[in-house]
Amino acid sequence: MAITTVPGATRKPGRPAPYPAGSRRTSLGRKVRDNLTGHTFLFGAVLCFAVFSWYPMIRGVVMSFQRTRRGETTWVGWDNYVRILHEPSFWTAWKNTFYFTILALILGYAVPFFVAILLNEFRHAKGYLRILVYLPVMLPPASALFLFKFYAYDPSDAGLFNAILKALHLPTSEWMQSPGMTMPAMVLASTWMNMGSAVLIYLAALQNIPGELYEAAELDGAGIWRRIVNVTIPQTRLILGLLAMLQIVATMQLFIEPLILANGAGAEDAATSVAYLIYQHGFFQNDLNGAAALGVIMLVVLAGFSAVYVRLTSKQD
């Protein structure tokens, strides 16, 4: 009897059988389809960033070195920057912006952290308290600021804050009509309006701290303040640093608070910020080239802060 052999029926032990040609084609087609879908979504995201972020940024830098008059654009080099730097309102705006940023770091940066520590100690009604703290964030910023302007900062005794001060037999304030109280009042409103997000981030970081560290600190006789300094702050150092950088970047773009609370510049230009000065140049003075130069200067300043932050964090790592 003749023995016939089937090609491929015999193979060396331990060697896997080859996949059929149709199976290889199916696997290759699936990989192509999966990669094509991913690249399609990636292309859409890159296109949106290019059109709405990168192109306006590059266009703004180019416009800062140009001058447009009656539809004609000419290259003027650094003339726009020199003109902007010689305006008295430029330095006033930067002084007010830095003042607001410092006050926001003292109040708007520290308050959410300690509120998060306080909420983390509660054992009951945690969800309700979180919703209560986050509620101002869900309000439109304009609505929240108008609430402060017409209800809390009313310079008469009908205003909420003046009514409280009067009940405590303390002198009342004109709030937004007083140059000395304009920035603290805006920081207070901005802190109430935006601190909910930071509180939730801090709460998530606090819940990741091992409880054994607090137990060891309590056994060593550490009080609540020592536990915060020696356990809580070191364990949340990265989150604290990141939110500090985000706080600086956000507060230096101060715009909607002076626009609504102080009607723009405020009493004696006490509320004029760099972002509001850009708005004035672009929409009131029809000076788009000067507005672009101001925007580039702000970009450079914020990039400098970001570079310092990256440098410091890289050394710590």
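Residues numbered from 1 in each chain as written. Predicted model: local features only at pLDDT ≥ 70, side-chain atom pairs only at ≥ 80, totals over all residues. Heavy atoms only, no water.

(A) Main features of the overall build of the protein chain. Summing up its helical and strand segments, the protein chain has 14 helices and two strands in all. Within the span of the protein chain, comprising 317 residues, buried residues form 33% of the whole. Taking the intrachain contacts of the protein chain between residues at least 6 apart in sequence as the baseline, contacts between residues at least 24 apart amount to 64%. (Helix = DSSP H or I, 4+ residues; strand = E, 2+ residues; numbered from the N terminus. Buried < 20%, exposed > 50% of the residue type's maximum accessible area, 1.4 Å probe, protein only. Contact = heavy atoms within 4.5 Å.)

(B) Layout of the pattern of salt bridges. This structure, assessed with the given rule, holds one salt bridge. Between aspartate 287 and arginine 83 there is a salt bridge, with its nearest N and O atoms 2.8 Å apart. In this pair, aspartate 287 sits in the loop between α13 (274-284) and α14 (288-316) while arginine 83 sits in helix α2 (residues 79-85), placing the two residues 204 residues apart along the sequence. Aspartate 287 gets classed as buried once you look at its relative accessible area, which sits at 8%. With relative accessibility at 28%, the residue arginine 83 sits in the partly exposed group. (Salt bridge = Lys/Arg side-chain N within 4 Å of Asp/Glu carboxyl O.)

(C) Here's a closer look at empty space enclosed by the protein. Evaluation of the coordinates by the stated rule reveals one cavity of 30 Å³ or more. Within this model, the largest cavity holds a volume of roughly 30 Å³. Every residue lining the largest cavity is listed: Leu119, Phe122, Lys126, Leu129, Arg130 and Leu203. Here the lining of the largest cavity gets three residues from one element, more than from any other, and that element is helix α5 (residues 126-138). Partitioned by chemical class, the residues of the lining of the largest cavity number four nonpolar, no polar and two charged. (1 Å grid on protein atoms, 1.4 Å probe; cavity = no way out; pocket = protein on both sides within 12 Å on 5 of 7 lines; lining within 4 Å. Points joined across faces, edges and corners; volume = space filled by probe spheres on them. Nonpolar A, V, L, I, M, F, W, Y, C, P; charged D, E, K, R; others polar.)

(D) Inspection of the pairing of strand β1 (residues 66-69) at higher detail. Examined bridge by bridge, β1 and strand β2 (residues 72-75) share four bridges and lie antiparallel to one another. Following the sheet pairing, arginine 69 is matched in β2 by glutamate 72. The turn joining β1 and β2, which pair antiparallel and follow one another in sequence, is formed by two residues; a positive phi near 55 degrees is taken by arginine 70. (Pairing = 2+ DSSP bridges.)

(E) Here's a closer look at the environment of methionine 183. Relative to the assigned elements, methionine 183 resides in helix α8 (residues 179-206). Look at methionine 183 and you get buried, because its relative accessible area is 2%. On a C-alpha basis, the gap between methionine 183 and threonine 272 in space is 10.0 Å, while along the polypeptide they are 89 residues apart. Excluding residues that lie within four positions of it along the chain, methionine 183 makes contacts with Asn96, Tyr99, Phe100, Leu103, Leu254, Ala270 and Ala271.

(F) Structural context of the packing of aromatic side chains. This model, assessed by the stated rule, comprises 22 aromatic pairs. Measuring from centroid to centroid gives 5.7 Å for phenylalanine 113 and phenylalanine 114, while their planes differ by 70 degrees, and the two rings are edge-to-face. The exposure class assigned to phenylalanine 113 is buried, which follows from its relative accessible area of 5%. Looking at phenylalanine 114, the relative accessible area reads 39%, which means it is partly exposed. Within the aromatic cluster, the residues linked to one another by ring pairs are Phe148, Tyr153, Phe161, Trp175 and Trp192. (Phe/Tyr/Trp six-rings, centres within 6.5 Å; stacked < 30°, edge-to-face > 60°.)

(G) Main features of the side chain of threonine 97. Looking at the element boundaries, threonine 97 is found in helix α3 (residues 88-108). Side-chain polar atoms of threonine 97 contact the backbone oxygen of alanine 93, separated by 2.7 Å. A distance of 3.2 Å separates the side chain of threonine 97 from the backbone nitrogen of valine 274, its partner in a polar contact. Excluding residues within four positions of it along the chain, threonine 97 makes contact with Thr251, Met252, Ser273 and Val274. (Polar contact = N/O pair within 3.5 Å; in protein donor to acceptor, adjacent residues only side chain to side chain.)

(H) Broad picture of the packing of helix α4 (residues 110-121) against α5. At their nearest, the axes of α4 and α5 sit 10 Å apart, and the two run at 160 degrees to each other. Considering the angle they form, α4 stands roughly antiparallel to α5. Once α4 is placed against α5, the crossing between them reads as right-handed. Within the contact between the two elements, α4 uses Val115, Leu119 and Asn120 and α5 uses Lys126, Leu129 and Val133. Within the contact of α4 with α5, the residues separate by chemical class into four nonpolar, one polar and one charged. (Axes fitted to C-alpha atoms, helices over the stretch in contact; angles between N-to-C directions. Parallel < 35°, antiparallel > 145°, perpendicular 65-115°, else oblique. Left-handed = near helix turned anticlockwise from the far one by under 90°.)

(I) Structural view of the environment of valine 111. Looking at the element boundaries, valine 111 is found in helix α4. Separated by 81 residues in the primary sequence, valine 111 and tryptophan 192 have C-alpha atoms spaced 9.7 Å apart.

(J) Just helix α6 (residues 141-152), in detail. Under the 1.5 Å per step criterion, the end-to-end length of α6 is 15 Å for 12 residues, consistent within 8% with the ideal 16 Å. Inspection of α6 places Ala144, Leu145, Phe148, Lys149 and Ala152 among the buried residues, and these make up the whole buried set. Buried residues of α6, seen end-on, are gathered within an arc of 135 degrees and therefore sit on one face of the element. Residues of α6 that are buried make contact with α7 (160-167), α8 and α12 (256-261). (Expected span 1.5 Å × (residues − 1). Arc of directions from axis to C-beta.)

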